[in-house]
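Structural features, examined
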Amino acid sequence: MSKIILFELKKQFISVKNMVVWLLLLVTLLAFGSINMARDLQFKKERLAYDNSAWDAAIQLNLLLQEYPKNPPENVQKAMDLWRRDAVYSAQQRVYTSWVGEDRWRDVVLANINRNENLLQGLREGIISGKSKSEGGVTEEDLINNINYNKYLYDNDIKPLNNIYQMTGINFLYRVLSELMPYLAAVVVLLLCSDCFASEVDWGSYKFLLLQPYPRGKFFTAKVLSCLVVALTVLGSSLLIVFVIMSVLNGTGSAKYPIAFDPNAFSSFAVTQKSEILVYLGASRFLLYAFILFALYIVFLTTFACLSSVLSQESLNAMTASISVTFAAAVLQSPISRMTYFSLFWPFSYGNAVTVMAGDAAGSMLAGFIVLISVSVLLVSISRIIFIKKDIIC
């Protein structure tokens, strides 16, 4: 059995087609990182945009002073004090952000905490009239989330990212998992694996393989395992190489960086009403869980590609069919996501591990594990039965 697997691995790793796919994936990931680095550089070169928050506070304060120039009532005095503090905290944020020389990021974070706590107090005391998100306002939950996020940064001594384009190693992994890999991984896996069985028909090599003293079931298992190893190796090594490059150029980033996640990810099957108050998890643990789900998604894609290859007589037909079905699934993902119960058992719903971890998908992480493993086992079982019973024309 091990000899067959090694034979299949050698054949796939030296395949020109697979090496080209590997190279194109690496170039795509490097391009993604480079484009974001260019955007980050452009962001740094631009002058800091004017922050209207301090100006808004001054306007509110001026309106109150005009109406009550002397001896204002107690409630009006409270409002004046609130807007004075808001103007001070907003100015501190702006001044410390653009401070020349010493990096005053801790002061920026502290000013952000103070400002949001001040606004939260005003909201709870009725000084500020709250508006819903649909009305373009800031809710109490928004303020609490902002406070918790910045307190996490301050307490753990974590410097916040300047912008989403800052390509530290960890932010690269987070961004590429959430924006690029849900689609790119599917294309890569299908290009690597969709011809694993059908290509033997193209080359006429089945006549030599089937003459070996091994049952068809062992050949099938060897091919599926080799496809899975190749897919995980190509994707994993490419991500690792670009991660190292981004880390050398821009720093690795903090492993404790806070990322919002669904606290019921491992305790419930379906995502219930998402709480407005966010819970944060360190980046290293978040990415570890996300990569486990991502690996299971790769297993599902590999078994799907193998089934397509077993059913096809030509490798081109197998790849075309696999990519067409996956493309259709991606296009239909938006309407399918609105059908809650169907989306729960739709394996392509778990292609974006970051979305699932954050609780923004129909199913939880637990559901993703169960669905992807179950569907993969089903697909590989069907493929094996078809391959064993199939009348192969040599």
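In what follows, the structure referred to is the one given above.
Residues numbered from 1 in each chain as written. Predicted model: local features only at pLDDT ≥ 70, side-chain atom pairs only at ≥ 80, totals over all residues. Heavy atoms only, no water.

Thoughts on the nonpolar core
In terms of nonpolar packing, the biggest core is built from 76 residues, with Leu29, Phe172, Met181 and Leu235 touching the most fellow members. Per-element tally for this core: the top contributor is helix α11 (residues 283–311), with 16 residues. If sequence neighbours within four positions are ignored, Met181 has contacts with Leu25, Leu29, Val176, Ala186, Leu235, Leu239 and Phe294. Of all hydrophobic cores here, the second largest spans twelve residues; its members include Leu120, Leu123, Ile128 and Ile147. (Core = buried A, V, L, I, M, F, W, Y, C linked by side-chain atoms within 4.5 Å. Buried < 20%, exposed > 50% of the residue type's maximum accessible area, 1.4 Å probe, protein only. Helix = DSSP H or I, 4+ residues; strand = E, 2+ residues; numbered from the N terminus. Contact = heavy atoms within 4.5 Å.)

Here's the deal with helix α12 (residues 315–337)
In a regular helix each residue adds 1.5 Å, so 23 residues correspond to 33 Å; α12 covers 32 Å between its end C-alpha atoms and thus fits that length. Along α12, the sharpest kink reaches roughly 40°, centred on Val331 and followed within four residues by the proline Pro335. (Expected span 1.5 Å × (residues − 1). Bend = angle between axes of the 7 residues up to and from the residue.)

Here we look at the packing of helix α1 (residues 2–13) against helix α10 (residues 216–250)
Direction vectors running N to C along α1 and α10 enclose 45°, while the axes themselves pass 9 Å from each other. One element, α1, and the other, α10, form an angle in the oblique class. α1 and α10 meet at a crossing whose hand is right-handed. Contact with α1, carried on its side by Ile4, Ile5, Glu8, Leu9, Lys11, Gln12 and Phe13, involves Lys218, Phe219, Ala222, Lys223, Leu225, Ser226, Cys227, Val229, Val230 and Thr233 of α10 and no other residues of that element. Tallied by class, residues from the contact of α1 with α10 come to ten nonpolar, three polar and four charged. (Axes fitted to C-alpha atoms, helices over the stretch in contact; angles between N-to-C directions. Parallel < 35°, antiparallel > 145°, perpendicular 65-115°, else oblique. Left-handed = near helix turned anticlockwise from the far one by under 90°. Nonpolar A, V, L, I, M, F, W, Y, C, P; charged D, E, K, R; others polar.)

What about unusual backbone geometry?
Negative phi characterises most residues that are not glycine, and trans characterises most peptide bonds. The residue Asp157 is not glycine, and still its phi comes out positive at about 55°. Positionally, Asp157 belongs in the loop between α6 (140–155) and α7 (169–193). When its relative accessible area of 45% is taken as the criterion, Asp157 is described as partly exposed.

Overview of the side chain of Ser226
With respect to the helices and strands, the residue Ser226 is situated in helix α10. Residue class for Ser226 comes out buried when judged on its relative accessible area of 0%. If sequence neighbours within four positions are ignored, Ser226 has contacts with Ile5, Glu8, Leu9 and Gln12.

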